[in-house]
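Chain by chain, the residues run as shown.
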Amino acid sequence: MNQLFDVSTTSRNMVSKFLSGYNLDQLNTIPEGFSNNLIWNIGHIIVSQQLLVYKLSGLPMLVSDELVEKYKKGTKPEHIVTQAEVDEIKSLLFETIQQTKVDYDNQIFKTYMEYTTSTGDHVLRNAEDAMAFSNFHEGLHIGIMMNIRKFI
């Protein structure tokens, strides 16, 4: 399991470079041909990890319901993200992974509501499966972000 957390930390380090390398206008820009922007992708990966690991384990998430509503699957950017919201997302980027590791080490993930991913090919049966899939999911969104940055 430590390897899953190492991969997640590496992923989040890559994502944090987008937060430090682009200004607020660039983070909010939706290039032509895209349906979202850099900051939406970052919020989305944080929210998705929380939904997959915590909510499906029947545990309280480390993010607000408001953030979930803005960045869950099926949403798109519908407002200009403020600097305060960027700062919140920036702090959650690593806090959520660090707390998930602490919670995993403390063995709080005891139950899990089985979930078939939107690809239809993966059935998540526990928090370990959820973390592994979350890492894959984050990789997909990092790829999207790498494409978006070419156009902003």
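Coordinates for the structure precede this section.
Residues numbered from 1 in each chain as written. Predicted model: local features only at pLDDT ≥ 70, side-chain atom pairs only at ≥ 80, totals over all residues. Heavy atoms only, no water.

Participant: Even after reading the chapter, I still don't get the layout of surface pockets, so can you show me in this structure?
Facilitator: Rolled over the atoms, a probe with the dimensions of a water molecule shows which regions are left empty. For the largest pocket, the calculated volume is near 350 Å³. Looking at the largest pocket, it is lined by 16 residues, and the ones nearest its centre are Ser48, Leu52, Lys73, Tyr115 and His137. Of all the elements in the fold, those that place two or more residues in the lining of the largest pocket are helix 3 (38–53) and helix 6 (127–148). Of the residues in the lining of the largest pocket, the class split is seven nonpolar, six polar and three charged. (1 Å grid on protein atoms, 1.4 Å probe; cavity = no way out; pocket = protein on both sides within 12 Å on 5 of 7 lines; lining within 4 Å. Points joined across faces, edges and corners; volume = space filled by probe spheres on them. Helix = DSSP H or I, 4+ residues; strand = E, 2+ residues; numbered from the N terminus. Nonpolar A, V, L, I, M, F, W, Y, C, P; charged D, E, K, R; others polar.)

Participant: What should I look at first to understand the packing of helix 1 (residues 2–21) against helix 5 (residues 83–105) in this one?
Facilitator: The relative placement of two packed helices is expressed as an angle between their axes plus a distance between the axes. Here helix 1 crosses helix 5 at 175°, and the two axes come no closer than 11 Å. Considering the angle they form, helix 1 stands roughly antiparallel to helix 5. Contact residues: helix 1 offers Asn2, Phe5, Ser8, Thr9, Arg12, Asn13, Val15, Ser16 and Leu19, while helix 5 offers Val86, Lys90, Leu92, Leu93, Phe94, Thr96, Ile97, Thr100, Lys101 and Tyr104. Along the lines of polarity and charge, the residues of the contact of helix 1 with helix 5 split into nine nonpolar, seven polar and three charged. (Axes fitted to C-alpha atoms, helices over the stretch in contact; angles between N-to-C directions. Parallel < 35°, antiparallel > 145°, perpendicular 65-115°, else oblique. Contact = heavy atoms within 4.5 Å.)

Participant: Help me out: how do you make sense of helix 5 in this one?
Facilitator: Helical periodicity: at 3.6 residues per turn, an α-helix aligns residues three or four positions apart in one direction. The terminal C-alpha atoms of helix 5 lie 34 Å apart, and with 23 residues this matches the ideal 33 Å at 1.5 Å per residue to within 8%. Where helix 5 bends most, the angle comes to about 30°, and this point is Leu92. Of the residues making up helix 5, those classed as buried are Glu85, Val86, Ile89, Leu92, Leu93, Thr96, Ile97, Thr100 and Asp103. Its buried side turned inward, helix 5 meets helix 1, helix 2 (24–28), helix 3, helix 4 (65–71) and helix 6. (Expected span 1.5 Å × (residues − 1). Bend = angle between axes of the 7 residues up to and from the residue. Buried < 20%, exposed > 50% of the residue type's maximum accessible area, 1.4 Å probe, protein only.)

Participant: Would you explain the packing of aromatic side chains in this entry?
Facilitator: How two aromatic rings sit relative to each other is set out by the distance from centre to centre and by the angle between their planes. Under the definition given, this model contains five aromatic pairs. Aromatic pair Phe34 and Phe151: ring centres 5.7 Å apart, planes at 50°, arrangement tilted. With Phe34 in the loop between helix 2 and helix 3 and Phe151 in the segment after helix 6, this residue pair connects regions lying 117 residues apart in the sequence. Between the aromatic rings of Phe133 and Phe136, the centroid separation amounts to 5.6 Å while the plane-to-plane angle is 50°, which identifies the pairing as tilted. Separated by three residues within a single helix, Phe133 and Phe136 lie in helix 6, roughly one turn from each other. Judged by relative accessible area, which is 10%, Phe133 ranks as buried. Judged by relative accessible area, Phe136 falls into the partly exposed class, the value being 42%. (Phe/Tyr/Trp six-rings, centres within 6.5 Å; stacked < 30°, edge-to-face > 60°.)

Participant: Please clarify how the pattern of salt bridges should be interpreted in this entry.
Facilitator: If charged atoms from side chains of opposite charge come close, those side chains can pair. Throughout the structure, instances matching the rule amount to six salt bridges. Between Glu69 and Lys72 there is a salt bridge; the shortest N-O distance is 3.2 Å. The exposure class of Lys72 is partly exposed, given its relative accessible area of 29%. As a salt-bridge pair, Lys101 and Asp105 come within 3.1 Å of each other at their nearest N and O atoms. Here Asp105 and Lys101 lie together in helix 5, a separation of four residues that amounts to about one turn. You can call Asp105 partly exposed: its relative accessible area is 47%. (Salt bridge = Lys/Arg side-chain N within 4 Å of Asp/Glu carboxyl O.)

Participant: I'm lost on the side chain of Gln49 in this one. Help?
Facilitator: In this fold, Gln49 is placed in helix 3. Taking relative accessible area as the criterion, Gln49 reaches 0% and is therefore assigned buried. A distance of 3.1 Å separates the side chain of Gln49 from the side chain of Thr100, its partner in a polar contact. (Polar contact = N/O pair within 3.5 Å; in protein donor to acceptor, adjacent residues only side chain to side chain.)

Participant: What am I meant to see in unusual backbone geometry here?
Facilitator: If a residue is not glycine, its phi is most likely negative; likewise, a peptide bond is most likely trans. Of note in the backbone geometry, Gln107 takes a positive phi value of approximately 55° without being a glycine. Turning to its location among the elements, Gln107 is positioned in the loop between helix 5 and strand 1 (115–116).

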